[in-house]
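Here are the chains, one letter per residue:
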Amino acid sequence: MSELLTIGETAKRSGVAASALRFYEEKGLITSERAGSGHRRYPRPVLRRIAFIVFAQRIGLSLEEIGEELAKLPPNQAPKRRDWSRLSATWTSRIDARIAELERLKAGLTECIGCGCLSLDRCKLANPGDRAAGLGPGPRFWIGDRSLAKRG
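Here the structure is a predicted model, which is why all the values come from computation and not from measurement. (Residues numbered from 1 in each chain as written. Predicted model: local features only at pLDDT ≥ 70, side-chain atom pairs only at ≥ 80, totals over all residues. Heavy atoms only, no water.)

Chemist: Would you mind showing me how to read helix α2 (residues 18-26) here?
Modeler: Counting along an α-helix, one turn takes 3.6 residues, and residues three or four places apart therefore face a common direction. Within α2, the full set of buried residues consists of L21, Y24 and E25. Seen end-on, α2 carries its buried residues on one side only, within an arc spanning 100°. One or two steps after α2, the chain reaches G28, where phi turns positive at roughly 80°. (Buried < 20%, exposed > 50% of the residue type's maximum accessible area, 1.4 Å probe, protein only. Helix = DSSP H or I, 4+ residues; strand = E, 2+ residues; numbered from the N terminus. Arc of directions from axis to C-beta.)

Below is the structure:
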């Protein structure tokens, strides 16, 4: 088994499009070596970095944040379990916040969007006279602003 993978092999094995791999490389998230022909060759440990990028994006990290996290890992070898554990330890609160946001969205689908749309009849009950506008722009209840709901 070769230690260097072509971009096509890397894309197939990682499940990430070749264009995304080039983009990640442009952003400095992954690196490749160039063959004599100029074609990219990725060291096998890049597969774990790519898996990390995909996972981190799914929990809501920006590419900048992902780059900061990847900078903490050894660059040319597969990260160890201890490395991953250290990075992911700080994500619990972020995942909990994401879950809470999805729960609010789920509730909004069965009730109303929550005083941001102002187009559903039910909004007149949840937000008569658009009282929530005083709390700021957007769907105030959906983003978790319950101060008005508690008063009214």
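After presenting the structure, the write-up continues.
Chemist: Would you explain the packing of helix α3 (residues 46-58) against helix α4 (residues 63-70) in this entry?
Modeler: Each pair of packed helices can be summarised by the angle the axes make with each other and by the distance between the axes. Where α3 meets α4, the closest approach of the two axes is 10 Å, and the angle between their N-to-C directions is 140°. Viewed along their axes, α3 and α4 adopt a mutual orientation that is oblique. By crossing handedness, the relation of α3 to α4 is classed as right-handed. Residue-level inspection shows R49, F52, I53, A56 and Q57 of α3 in contact with α4, the latter providing L63, I66, E69 and L70. Its residues placed into classes, the contact of α3 with α4 shows six nonpolar, one polar and two charged. (Axes fitted to C-alpha atoms, helices over the stretch in contact; angles between N-to-C directions. Parallel < 35°, antiparallel > 145°, perpendicular 65-115°, else oblique. Left-handed = near helix turned anticlockwise from the far one by under 90°. Contact = heavy atoms within 4.5 Å. Nonpolar A, V, L, I, M, F, W, Y, C, P; charged D, E, K, R; others polar.)

Chemist: Explain the nonpolar core to me, please; I cannot follow it from the model alone.
Modeler: Side chains that are nonpolar tend, in soluble globular proteins, to be buried together. With 20 residues, the main nonpolar core has L21, I30, F52, I53, I66 and L70 as its most contacted residues. Elements with a minimum of two residues in this core: α1 (7-14), α2, α3 and α4. Per-element accounting of this core gives the leading share, five residues, to α3. Setting aside chain neighbours within four positions, we find I66 in contact with L29, F52, I53, A56, Q57 and L61. (Core = buried A, V, L, I, M, F, W, Y, C linked by side-chain atoms within 4.5 Å.)

Chemist: Can you walk me through the pattern of salt bridges in this structure?
Modeler: Pairs can form between side chains of opposite charge whenever their charged atoms are close. Per the stated rule, a full pass over the model turns up five salt bridges. One salt bridge connects E25 with R40, and the closest N-O pair in it is separated by 2.8 Å. Of this pair, E25 sits in helix α2 while R40 sits in strand β3 (residues 40-43), and the two are 15 residues apart along the sequence. Residues E101 and R98 are paired through a salt bridge, measuring 3.6 Å at the closest nitrogen-oxygen approach. Placement of the pair is E101 and R98 together in helix α6 (residues 92-110), with a separation of three residues, close to one helical turn. R98 gets classed as partly exposed once you look at its relative accessible area, which sits at 35%. (Salt bridge = Lys/Arg side-chain N within 4 Å of Asp/Glu carboxyl O.)

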